[in-house]
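Chain and residue survey
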Amino acid sequence: MRDLAARITRHTESLLLAVILLLGVLLTLSTPYFLTLQNLVDLIESYSVTTVLALGVFVVLVAGGIDISFAATASVAQYVTAYLATALGLPAFVAIPLGLAIGLLLGCLNAALIYYLRVTSIIITIATMSVYFALLMWLTGGKSIYALPDWWSTRIVFFQTETASGDLVRITLPIVVAAVAGLITWLLMTRTSAGRQLTAMGGNVEAARRLGVNIAAMHFLAYGYLGLMAGLAGLLQAHRVGEAVPNAMYGNELNVLAAAVLGGASLSGGLGSVGGVLLGILLLAMLQNGLNLLGVSPYFFQIVIGLVILISTSITGLSSRTRRRDRRAPATA
């Protein structure tokens, strides 16, 4: 079973890489502005927040769940941290862990509700999404916080160079944070016992329980990790735009989910890889950027997002039906 999952993952990654290369060639031939170093680096930075969120969603999907509340969690973590940082003058070494802790706490709340109430994860997280976001808007009146501390709003550049055409190319904090988040997620899922247990639970929760996997702990790990990534994404988003906006993260759920499932993370659990998720994000980023450069309506990109989720859901349903039929076959023989 593990070998089959590995083959499916490698096939998905190879297919995505081929599509990315083909799309890159087509966009390069269509517009001279696409294949420039500045555009590519800017593209990576603009999707850094989506990358952090998609990595957290990936862990939950592999564990067999689904979480829709991550954007609301990110918004709450961002705004509460910004409010306390501006009102109390909290330094970075206090405010940043605070924002991450808020995200972790809200993620663990989702895990507790899902595990102890025995309710489908998508229902619980739709409900908590509504509660988190509505409370935030009600308590804040929808007002943004513009005067972020300098340590938060100041642009941090790790590397800068000027191309022959005079364009400035910068490797900034969001790019580095997204890369580190990817590395940590890869280590968690491929180099730790907990990652293997999450994958086993997503593949077959009853079999994992019989093997001694602590299902409750795995729920808290998966949803808590997504909450942590959501808190990080919220702080990163405020750093990029220089302000904390209550609804800044709201409405991006489908884009993030599409990036994860496009990268091979199965909606039925047990499948996926960090490399596949990163390739899925890169493909969506290239597609959106290319459509913008070509002047195509942004609604077309949303059509693509919807189709990705629809196709993934259909494949998941057909695969589940095939597995059930295969399990029944020996009994009828």
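Since the structure is predicted, the reported quantities are computational estimates derived from the model, not experimental observations.

1. Re the pairing of strand S1 (residues 157-162)
Judged from the five bridges that link them, S1 and strand S2 (residues 168-172) form a sheet pairing that is antiparallel. When the bridges of S2 are listed, Glu 162 appears paired with Leu 168. In textbook terms, the turn of a hairpin is the stretch between consecutive antiparallel strands, and for S1 and S2 this stretch comprises five residues, one of which, Gly 166, has a positive phi near 95 degrees.

2. Thoughts on the packing of helix H9 (residues 193-203) against helix H11 (residues 215-241)
Orientation of H9 relative to H11, taken along the N-to-C sense of each, is 105 degrees, at an axis distance of 10 Å. For the element pair H9 / H11, the angle class is roughly perpendicular. Note on element contacts: H11 touches H9 through Ile 215, Met 218, His 219, Leu 221 and Ala 222, opposite Ala 194, Gln 197, Leu 198 and Met 201.

3. Quick word on the pattern of salt bridges
The final tally for this structure, using the stated rule, is three salt bridges. When the shortest N-O distance is used, the salt bridge between Glu 45 and Arg 240 registers 3.8 Å. Note that Glu 45 is positioned in helix H2 (residues 37-46) and Arg 240 in helix H11, a separation of 195 residues in sequence. Of the residues examined, Glu 45 reaches a relative accessible area of 9% and is grouped as buried. A cluster of three or more residues bridged by salt bridges with shared partners is formed by Glu 45, Arg 155 and Arg 240.

4. Side note on helix H6 (residues 121-140)
Compared with the 28 Å implied by 1.5 Å per residue over 20 residues, the 28 Å span of H6 between its first and last C-alpha is a close match. Three or more residues of H6 are buried, namely Ser 121, Ile 124, Thr 125, Thr 128, Met 129, Tyr 132, Phe 133, Leu 136 and Thr 140. The buried side chains of H6 occupy one side of the element, clustering within an arc of 145 degrees when seen end-on. Turned more than 90 degrees off the buried face of H6, the exposed positions are Ile 123 and Trp 138.

5. A short note on H9
Of the positions making up H9, those classed as buried are Gly 195, Leu 198, Met 201 and Gly 202. The buried residues of H9 occupy an angular sector of 125 degrees when projected down its axis, which confines them to one face. For H9, the elements touching its buried residues are helix H3 (48-62), helix H8 (173-191), helix H10 (205-210) and H11.

6. Describing the nonpolar core
What tends to happen in soluble globular proteins is that the nonpolar side chains get buried as a cluster. Core analysis: the largest hydrophobic core is formed by 91 residues, its most contacted members being Leu 53, Val 57, Phe 58, Val 59, Leu 61, Phe 70 and Leu 198. For this core, the leading source of residues is H11, giving 13 residues. For Leu 53, the contacting residues outside a window of four places in its chain are Phe 70, Leu 226, Met 229, Ala 230, Ala 233, Met 249 and Val 256.

7. Points about the environment of Ala 54
Residue placement: Ala 54 occurs in helix H3. The sequence separation of Ala 54 and Ile 281 amounts to 227 residues, and the corresponding C-alpha distance is 8.2 Å. If sequence neighbours within four positions are ignored, Ala 54 has contacts with Val 256, Ala 259, Ala 260, Val 277 and Ile 281.

8. Description of unusual backbone geometry
Phi at Arg 118 takes a positive value of approximately 60 degrees, unusual for a residue other than glycine. Relative to the assigned elements, Arg 118 resides in the loop between helix H5 (92-117) and H6. The class for Arg 118 is exposed, based on a relative accessible area of 57%.

9. Focus: the environment of Ser 193
Examined against the element boundaries, Ser 193 turns out to sit in helix H9. Separated by 156 residues in sequence, Ser 193 and Leu 37 have C-alpha atoms that sit 39 Å apart.

10. Digging into the environment of Val 256
Within the secondary structure, Val 256 is located in helix H12 (residues 253-262). The exposure class assigned to Val 256 is buried, which follows from its relative accessible area of 1%. In contact with Val 256, not counting residues within four places along its chain, are Thr 50, Leu 53, Ala 54, Val 57 and Phe 70.

11. Some details on the side chain of Thr 81
Note on placement: Thr 81 falls in helix H4 (residues 70-88). Residue Thr 81 is classed as buried on the basis of its relative accessible area of 1%. Non-local contacts of Thr 81, meaning those with residues more than four positions away in its chain, are made with Ala 95, Leu 98, Gly 99, Ile 102, Trp 152 and Leu 235.

12. Observations concerning the packing of H4 against H5
Describing two packed helices takes the angle between their axes plus the distance from one axis to the other. Two numbers describe how H4 lies on H5: the axes approach to 9 Å, and their chain directions differ by 150 degrees. Helix-helix and strand crossings are classified by hand; for H4 and H5 the assignment is right-handed. Mapping the contact onto sequence places Thr 73, Val 76, Ala 77, Val 80, Thr 81, Leu 84 and Ala 85 in H4 and Ala 95, Leu 98, Gly 99, Ile 102, Gly 103 and Leu 106 in H5. By residue class, the composition of the contact of H4 with H5 is nine nonpolar, four polar and no charged.

Scoring rules and cut-offs
Residues numbered from 1 in each chain as written. Predicted model: local features only at pLDDT ≥ 70, side-chain atom pairs only at ≥ 80, totals over all residues. Heavy atoms only, no water. Pairing = 2+ DSSP bridges. Helix = DSSP H or I, 4+ residues; strand = E, 2+ residues; numbered from the N terminus. Axes fitted to C-alpha atoms, helices over the stretch in contact; angles between N-to-C directions. Parallel < 35°, antiparallel > 145°, perpendicular 65-115°, else oblique. Contact = heavy atoms within 4.5 Å. Salt bridge = Lys/Arg side-chain N within 4 Å of Asp/Glu carboxyl O. Buried < 20%, exposed > 50% of the residue type's maximum accessible area, 1.4 Å probe, protein only. Expected span 1.5 Å × (residues − 1). Arc of directions from axis to C-beta. Core = buried A, V, L, I, M, F, W, Y, C linked by side-chain atoms within 4.5 Å. Left-handed = near helix turned anticlockwise from the far one by under 90°. Nonpolar A, V, L, I, M, F, W, Y, C, P; charged D, E, K, R; others polar.

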